[in-house]
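Tertiary structure, described
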Amino acid sequence: MTELPTRARVVVIGGGVIGCSVAYHLAHLGWTDVLVLEQGTLSCGTTWHAAGLVGQLRASEASTRLVQYSTDLYGRLEAETGLGTGYRVCGGLTVARTPDRMVQLRRTVASAAAYDLECELLTPTQAHAMYPHLRTEDLVGAIWLPGDGRANPADLTQSLAKGARQLGATIAERVRVTGIVLHESTSGRPRATGVRTDHGDVEAEVVVNAGGQWAKAIGELCGVTVPLHPAEHFYVVTDQIDGVHRDLPILRDPDGYTYIKEEVGGLLVGGFEPEAKPWVSPDQIPYPFEFQLLDEDWEHFEILMDSAVHRLPVLAETGIRKFYNGPESFTPDNQFLIGEAPEVAGFYVAAGFNSVGIASAGGAGRALAEWIVEGEPTMDLISADIRRFSPQNGDNAWLRARVGEVLGLHYAVPWPNRELESARPQRVSPVHHLLVDQRACFGARNGWERANVIAPQGVPAVIDYSWERPTWVEWCIEEQRVCREAVAVFDQTSFSKYLVTGLDAEMALQWICSADVGVPVGRAVYTAMLNRHGTYEADVTVTRLGAREFLVVSSAATTVRDIDWIRRHVSDGMDATVVDQTNAYAVFGVMGPASRALLTALSPDAFDDDAFPFGTSRQVRLGHAMVRATRITYVGELGWELYVPTELAVGVYTDLFRAGRPLGVAPAGYYAIEAMRLEKGHRAFARELTTDTGPVEAGLTFACKLSTGTDFLGRAAVEQARAAGPRRRIISFTATDPTAYLWGGELVLRDGEPVGQVTSAAYGNAVGRSVGLALVGDRLAGTATAAWVRSGGWQVDLAGQRVPIEVGLRAPFDPDGLRLGRNV
């Protein structure tokens, strides 16, 4: 072991491919005082037995760019360090057995075009020509990604480690971290200032947890939630096979749960079985555990091997050289974990790579290194940000149940609206049982059970999955009709709700929020929270409750992220605190032209335009309860959000339906909200509003106080973007073919050329067709002017079919807001 220094600027815990990549990229950014601590030897944990597949195309543009960088790095790393990585571009072939899978592959080809990646649709005959061992009579097609490749995980790790060492980083093996040194602060958020090890303490400015399947236990050393759980992952390596060569493409047969690659003249056959096998609890992983495998389980592997033999009959007469069963860590949503922990400043996490760690390592290592150096992400990492999870997601029993499902769905058809079924329910609204009685079909967001759609009597209350128009769309259409014509009630209890209080609460929020929140008591303001680059960190409403008290309301998924963002941007010495009030209140959206009549039937208070203008928020009497009513809407209809103390929720909800019966009231779900917000062109965080887009691109500069002299975080960047004009912008669109059903993610074309992607889509009943939002721009000119949007012929690629669309910069439905009443 190298003698352990007593101090380093950054300590990285974990000498696998992720930890070494973080160290390598920190060193290349000039942070060379980096110490990597590995409890065994480099790559000895889960890295060494990874299959090493490097597939470029991912579900989003941001994650695709991340892997693209990995492939670029791996291709040049050997020349830099003198150590080979085993990286070889051999291409990837994915085959489809079913029409549903073929739709997915056609959508994949379109996504590749959106990201400027080469991808080709193949017939079974063409696939056979590329892979002569392939059985094709039951295939309906395939795709070819020539840029896919593979790497040797151990060699790649050593090469990254050498690259880090060459620039001054230190790597110490056989050193086990036993604790995290914390410094308590007046803000209540401690800071990591070092680590304790079995070889002594090391002081540090930054600690990085890249501990792989040990990352959860490492996080628990300092109270940080790292929601991952190990599961057994199986593959075999065969004897040599005639005709198998090292340039043989990677073969994926997701309908058969398998992947196959060349390995020393034979084949490595692995997969993701539909019923996965979680390993021990994260706090029970044995120590030491170096270059170790778990017991063989041929019975469990049988479904994968039978499928592989079916696809490659030559395997039936080929011997098995080695059976591998190695644990890998998986997260509750199949996205990895990255970023600074909200519980502890200076403590960063990069873990939970869900069996794609080799493909992700280069890009993830660079992304985290840049985050550390810059103090914030330099790319859109919202889907992987560790702050998307709440503390309850760290429960080991919950994780065990969820991870078994997540691994099993790895190769399932990725239905756009798929809901995970395991470990539910976790968090429920106080009126959940009433929604069950109303035949709600539930989804889950951040653990909250939420009504997606209400099933009519006489049919199963089950959400079906389809690329075409699912059965539940008709139910959703009825909810939209009720909301547009009468009144609908939405249970939106899962909203995140925070109180910001203190002498300096207004000053703090004026800096953090783009809009002017220095409003009179009882006013609600729609605003962004931007970073210094002028792009989105949150999309919220802020209501002034008093001189020193504000209510911030945000989406269900962003509770931890939002609170962390607010706390870290309250300046030292300010008297301003933020408190999570999410569980204290139920929220009911009462929306539709009869919403005023419904509230008036239950209350002696006035709800007319003069007494209760748009954006007003106040306490009102409703039945036997006092609740906060805020006149606001996300669905484009007259309406109020009611904030009801949890203990009063059942009574208020019951009263709304009792009094609303003569008005035609009906419950409605989040699918209806989605469709109606798209008809109104309302943007959503993490869909249209990301850390890659700002108010200029989003068309939301009205929510920025640019006409005032009040500064706010990101103002200079927004002003610069406004002066330069948007490179890309969010547009509204409707499909001209009313039978075309869009989901989001489709390629957008202008005059036949790719210009962007659909960010959100649904069937809007008011417009009678699919409606959505898209992020588009002229790739050649690098601009997206209004004139460019209004001209040209626009289409979307719907699984290989070109569907004309009508585009615009205004909402397709009620663009002037006439349905919202006066004083809007």
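For the structure, see preceding data.
Quick caveat: nothing in here was measured; it's all calculated off a predicted structure.

Take the overall build of the protein chain next. The helix and strand tally for the protein chain stands at 19 helices and 38 strands. For 824 residues, the compact-globule estimate of 2.2 N^0.38 gives 28 Å, and the protein chain sits close to it at 27 Å. Projected onto its principal axes, the C-alpha coordinates of the protein chain cover approximately 80 × 65 × 50 Å. Sorting the 824 residues of the protein chain into buried and exposed places 62% on the buried side. For the protein chain, contacts bridging at least 24 residues in sequence account for 73% of all contacts bridging at least 6. Carbon and sulfur atoms make up 50% of the accessible area of the protein chain, which amounts to about 30,100 Å² in all. Treating the 74 positive side-chain charges of the protein chain as one cloud and the 98 negative ones as another, the clouds have centres 5 Å apart.

The next subject is the packing of helix α1 (residues 17-28) against helix α5 (residues 153-166). For the pair α1 and α5, the least separation of the axes is 8 Å and the interaxial angle reads 25°. One element, α1, and the other, α5, form an angle in the roughly parallel class. Of the two elements, α1 crosses α5, and the hand of that crossing is left-handed. Between α1 and α5, the residues in contact are Val17, Cys20, Ser21, Ala23, Tyr24 and Ala27 and Leu156, Thr157, Leu160, Ala161, Gly163 and Ala164, respectively. For the contact of α1 with α5, a count of residues per class yields nine nonpolar, three polar and no charged.

Okay, the packing of helix α2 (residues 61-81) against α5 next. The contact between α2 and α5 brings their axes to 10 Å, and the two run at 55°. Between α2 and α5, the crossing angle belongs to the class labelled oblique. Crossing angle aside, the handedness with which α2 passes α5 is left-handed. Contact residues: α2 offers Leu73, Tyr74, Leu77, Glu80 and Thr81, while α5 offers Leu156, Ser159, Leu160, Lys162, Gly163 and Gln166.

Turning to the pattern of salt bridges, a few remarks are in order. For the coordinates displayed, the defined rule picks out 54 salt bridges. The partner of glutamate 370 in a salt bridge is arginine 366, with the nearest N and O atoms 4.0 Å apart. Placement of the pair is glutamate 370 and arginine 366 together in helix α8 (residues 357-374), with a separation of four residues, close to one helical turn. Between aspartate 655 and arginine 658 there is a salt bridge, with the nearest N and O atoms lying 3.4 Å from each other. Here arginine 658 and aspartate 655 lie together in helix α15 (residues 649-660), a separation of three residues that amounts to about one turn. Judged by its relative accessible area of 45%, arginine 658 is partly exposed.

Within soluble globular proteins, side chains that are nonpolar tend to cluster in buried spots. Membership of the largest hydrophobic core comes to 50 residues, with the highest contact counts inside it found for Val208 and Leu368. Where this core is concerned, the elements lending two or more residues are β1 (7-13), α1, β2 (34-38), α2, α5, β12 (200-209), β19 (347-351) and α8. Looking at this core, the element that brings in the most residues is α8, giving nine residues. Those residues in contact with valine 208 that lie beyond four places of it in its chain are Val10, Val11, Val12, Ile13, Val22, Tyr348, Leu368 and Ile372.

Moving on, we come to the sheet that holds strand β8 (residues 149-150). Spatially, the three strands line up as an open sheet ordered β3-β8-β4, and their pairing is antiparallel. With partners counted over all chains shown, the strands left at the sheet margins are β3 (53-54) and β4 (88-89), one partner each. Of the strand pairs in this sheet, β3 and β8 are connected by two bridges, and their pairing is antiparallel. Of the residues in β8, the one forming a bridge with leucine 53 is arginine 150.

What follows concerns the packing of aromatic side chains. In the structure shown here, the tally under the stated rule is 24 aromatic pairs. In textbook terms, an aromatic cluster arises when at least three aromatic residues are bridged by ring pairs, as seen for Trp48, Tyr235, Phe291 and Tyr324. Directly above the aromatic system of tryptophan 31 lies the positively charged group of arginine 9, at a separation of 3.5 Å from the ring centroid. The aromatic ring of tyrosine 670 is capped on one face by arginine 450, whose charged end is 3.7 Å from the ring centroid.

Once that is clear, we can look at α15. Taking 1.5 Å per residue as the helical rise, α15 with its twelve residues ought to reach 16 Å, and the 16 Å between its terminal C-alpha atoms agrees with that figure. Along α15, the residues classified as buried are Ala649, Val652, Tyr653, Asp655, Leu656, Phe657, Ala659 and Gly660.

Along the chain, histidine 624 turns up in the loop between β29 (617-622) and β30 (625-631). When the C-alpha positions of histidine 624 and alanine 364 are compared, they lie 54 Å apart, and in sequence the two are 260 residues distant.

Ordered by their spatial adjacency, six strands build an open sheet running β29-β30-β31-β28-β22-β32, and the pairing between neighbours is mixed. Each edge of the sheet is formed by a strand with only one pairing partner; in this case those strands are β29 and β32 (666-668). On average, adjacent strands in this sheet sit at an angle of 30° to one another, irrespective of strand direction. Where β30 and strand β31 (residues 639-645) come together, four bridges link them in antiparallel fashion. Looking at β31, one finds that alanine 629 is bridged to leucine 642.

Before going further, it helps to examine the pairing of strand β23 (residues 496-501). Burial within β23 is extensive, with five of its six residues counted as buried. In this sheet, strand β26 (residues 549-554) lies alongside β23 in antiparallel orientation, the contact comprising six bridges. Looking at the pairing, valine 500 lines up with phenylalanine 550 of β26.

Bringing unusual backbone geometry into the picture now. Here the bond from tyrosine 287 into proline 288 is cis, since omega is -5°, no more than 30 degrees from zero. As for its placement among the helices and strands, proline 288 is situated in the loop between β16 (266-271) and α7 (298-311). Not every positive phi belongs to a glycine, and valine 264 is a case in point at roughly 50°. Here valine 264 shows up in the loop between β15 (258-263) and β16.

It is worth spelling out helix α18 (residues 715-724) at this point. Within α18, burial applies to Arg715, Ala717 and Val718. End-on view of α18: buried residues confined to an arc of 165°, all on one side of the axis. Exposed and oriented more than 90 degrees from the buried face of α18 are Ala716, Gln720, Ala723 and Ala724. In this fold, the buried residues of α18 make contact with β24 (524-530) and α17 (695-698).

All right, on to the environment of glycine 179 then. Here glycine 179 is to be found in strand β10 (residues 177-183). On the basis of relative accessible area, glycine 179 is assigned to the buried category, the value being 9%. For the pair glycine 179 and glutamate 537, spaced 358 residues apart in the sequence, the C-alpha separation amounts to 32 Å.

Along any regular strand the residues' side chains alternate between the sheet's two faces. Along β19, five of the five residues are buried, which leaves the element largely enclosed by surrounding structure. Both faces of β19 are covered, namely the face carrying Phe347, Val349 and Ala351 and the face carrying Tyr348 and Ala350. Of the pairings in the sheet, the one linking β12 to β19 comprises three bridges and is parallel in character. Bridge pairing in β19 links valine 208 to tyrosine 348. Pairing analysis gives four bridges linking strand β18 (residues 337-340) to β19, with the strands arranged antiparallel. Each bridged residue has a counterpart across the sheet, and for glutamate 340 the counterpart in β19 is tyrosine 348. Between the end of β18 and the start of β19, which pair antiparallel, lie six residues, with glycine 346 showing a positive phi angle near 75°.

Rules used throughout
Throughout this document, residue positions are counted from 1 along each chain, in the order its sequence is written. Totals for whole chains, interfaces and linings use all residues, but because this is a predicted model, local features are given only for residues with pLDDT of at least 70 and pairs of side-chain atoms are given and counted only at 80 or more. Hydrogens and waters are ignored; side-chain quantities use all the structure's heavy atoms. Helix and strand labels come from DSSP, where a helix needs a run of H or I of at least four residues and a strand needs a run of E of at least two; each type is numbered from the N terminus. Both definitions apply: the radius of gyration is a C-alpha atom measure, and the globule rule equals 2.2 Å times residues to the power 0.38. Relative accessibility under 20% of the residue-type maximum defines a buried residue, over 50% an exposed one, and the middle range a partly exposed one, all with a 1.4 Å probe and only protein chains included. Should any heavy atoms of two residues lie within 4.5 Å, those residues are considered in contact. The protein chains shown are the only cover counted for residues, whose accessible areas, like all others here, come from Shrake-Rupley with a 1.4 Å probe. Charge counting treats Lys and Arg as positive and Asp and Glu as negative, with His and both chain ends excluded. For charged residues, the charge sits on one atom: NZ in Lys, CZ in Arg, CG in Asp, CD in Glu. Where helices are involved, their axes are fitted lines through C-alpha atoms of the stretch in contact, as for all axes, and angles between N-to-C directions lie from 0 to 180°. Should an angle fall under 35 degrees it is called roughly parallel, over 145 degrees roughly antiparallel, and 65 to 115 degrees roughly perpendicular, with every other angle called oblique. Working rule for handedness: look at the near helix, and if it is turned counterclockwise from the far one by less than a right angle, call the crossing left-handed; if clockwise, right-handed. Polarity classes work like this: nonpolar for Ala, Val, Leu, Ile, Met, Phe, Trp, Tyr, Cys and Pro, charged for Asp, Glu, Lys and Arg, and polar for all others, with Gly in that last group. A carboxyl oxygen of Asp or Glu within 4 Å of a side-chain nitrogen of Lys or Arg is what we treat as a salt bridge. Note on terminology: a nonpolar core comprises buried Ala, Val, Leu, Ile, Met, Phe, Trp, Tyr and Cys residues joined through side-chain atoms within 4.5 Å. A pair of strands is considered paired only if DSSP assigns at least 2 bridges between the two. Each pair of aromatic rings taken from Phe, Tyr and Trp, with Trp reduced to its six-membered ring, is defined by centres within 6.5 Å and is described as stacked if the planes are under 30 degrees apart, edge-to-face if over 60, and tilted in the remaining cases. For a lysine, the NZ atom is tested; for an arginine, the CZ atom; a charge sits over a ring if that atom is within 6 Å of the ring centre and within 35 degrees of the ring normal. Take the number of residues in a helix, subtract one, and multiply by 1.5 Å to get its expected span. Note that the arc is computed from the directions linking the helix axis to the C-beta atoms.

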